[in-house]
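One letter stands for each residue in the lines below.
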Amino acid sequence: MNNENGGFQTIRIYGVTRDPQNGEYAIVTEFKNGGNLREIIKKTHSNLTWTKIPGILKNISFRLFCVHDANFLHKDLHSGNILNEIFPNNTIGKSVISDFEVLLGKEFTRAADIYGFGMIMSELISGEPPFEEKKNVQKINCSLPSKLNI
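Residues numbered from 1 in each chain as written. Predicted model: local features only at pLDDT ≥ 70, side-chain atom pairs only at ≥ 80, totals over all residues. Heavy atoms only, no water.

## Topic: the layout of surface pockets
Argument step 1. Computed from the structure, the largest pocket encloses a volume of approximately 380 Å³.
Argument step 2. Taken together, 19 residues line the largest pocket, and the ones lying closest to its centre are Ile40, Ile86, Asn90, Thr91 and Ile92.
Argument step 3. Sorting the residues of the lining of the largest pocket by element identifies α1 (37-44), α2 (53-69) and β5 (92-97) as the ones contributing at least two each.
Argument step 4. Ranked by the residues each element gives to the lining of the largest pocket, the list is headed by α1, at 4 residues. (1 Å grid on protein atoms, 1.4 Å probe; cavity = no way out; pocket = protein on both sides within 12 Å on 5 of 7 lines; lining within 4 Å. Points joined across faces, edges and corners; volume = space filled by probe spheres on them. Helix = DSSP H or I, 4+ residues; strand = E, 2+ residues; numbered from the N terminus.)

As structure tokens, this is what we get:
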């Protein structure tokens, strides 16, 4: 997923490591000092103006185009998977796409990634992750008792 200049459009992966205590594997990637876009939106939404938002979206859309142009799919695109660099003057630098999913037995398309990009657009504009209001709705137990007295 390199472009012609040799630059990466996704997070650089340096290797894999394994926790000796629990045996779990982890991928070692490049560090992005700004963290993920969801955290940036939470912390600085009031500073994200209509002059800044289009630049951020253009950057992400170009990265996604490069992924698709290389015939790859992300399969789980959301603001938590967009990592960013923050410059000393507090401006957001180049974004990179991270956390690609490997889900077997399910069909995914570019359209699903584009839908994810639309959700990122919505979150940047509103300041809220998509469907956030659904998290606060209590689930109602609709199960029937094992015995009914009729």
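## Some remarks on the pattern of salt bridges
Argument step 1. Taken as a whole, this structure holds 3 salt bridges when the rule is applied.
Argument step 2. Of the charged contacts, one joins glutamate 85 and lysine 32 as a salt bridge, the two residues approaching to 3.9 Å between their closest N and O atoms. With a gap of 53 residues between them, glutamate 85 in strand β4 (residues 82-86) and lysine 32 in the loop between β2 (25-29) and β3 (35-36) connect regions that are remote in the sequence.
Argument step 3. Using a relative accessible area of 29% as the deciding quantity, one classes glutamate 85 as partly exposed.
Argument step 4. For the salt bridge of lysine 42 with glutamate 39, the shortest nitrogen-to-oxygen distance reads 3.5 Å. Within this pair, lysine 42 and its partner glutamate 39 are both found in helix α1, separated by 3 residues, close to a single helical turn. (Salt bridge = Lys/Arg side-chain N within 4 Å of Asp/Glu carboxyl O. Buried < 20%, exposed > 50% of the residue type's maximum accessible area, 1.4 Å probe, protein only.)

## Observations regarding the pairing of β5
Argument step 1. For β4 and β5, the ladder comprises 4 bridges, and the chain directions are antiparallel. Of the residues in β5, the one forming a bridge with asparagine 84 is serine 95.
Argument step 2. Taking the residues between adjacent antiparallel strands as the criterion, β4 and β5 are bridged by 5 residues, where asparagine 90 takes a positive phi near 70°. (Pairing = 2+ DSSP bridges.)

## Quick word on the confidence of the model for the protein
Argument step 1. When the pLDDT values of the protein are averaged, the result is 80; 79% of them are 70 or greater.
Argument step 2. Within the protein, helix α4 (residues 132-135) has the poorest average pLDDT of any element, 67, and helix α3 (residues 110-126) the best, 94.
Argument step 3. pLDDT under 50 marks residues 1-7. Its contacts with residues more than four places away, or in other chains, come to 11 contacts. (pLDDT = per-residue confidence, 0-100. Contact = heavy atoms within 4.5 Å.)

## Looking at the packing of α1 against α3
Argument step 1. Orientation of α1 relative to α3, taken along the N-to-C sense of each, is 20°, at an axis distance of 9 Å. In this view, α1 runs roughly parallel relative to α3, as classed from their interaxial angle. Helix-helix and strand crossings are classified by hand; for α1 and α3 the assignment is left-handed. Residues Leu37, Arg38 and Ile41 of α1 lie in contact with α3, whose contacting residues are Ile120, Glu123 and Leu124.
Argument step 2. Per-class residue counts for the contact of α1 with α3 are 4 nonpolar, no polar and 2 charged. (Axes fitted to C-alpha atoms, helices over the stretch in contact; angles between N-to-C directions. Parallel < 35°, antiparallel > 145°, perpendicular 65-115°, else oblique. Left-handed = near helix turned anticlockwise from the far one by under 90°. Nonpolar A, V, L, I, M, F, W, Y, C, P; charged D, E, K, R; others polar.)

## Quick word on the nonpolar core
It is characteristic of soluble globular proteins that their nonpolar side chains tend to be buried jointly.
Argument step 1. By size, the foremost hydrophobic cluster in this structure holds 15 residues, and its most contacted members are Leu37, Ile60, Leu77, Ile82, Ile120 and Leu124.
Argument step 2. If you list the elements that add at least two residues to this core, you get α1, α2 and α3.
Argument step 3. Sorting elements by how many residues they give to this core places α2 first, with 6 residues. (Core = buried A, V, L, I, M, F, W, Y, C linked by side-chain atoms within 4.5 Å.)

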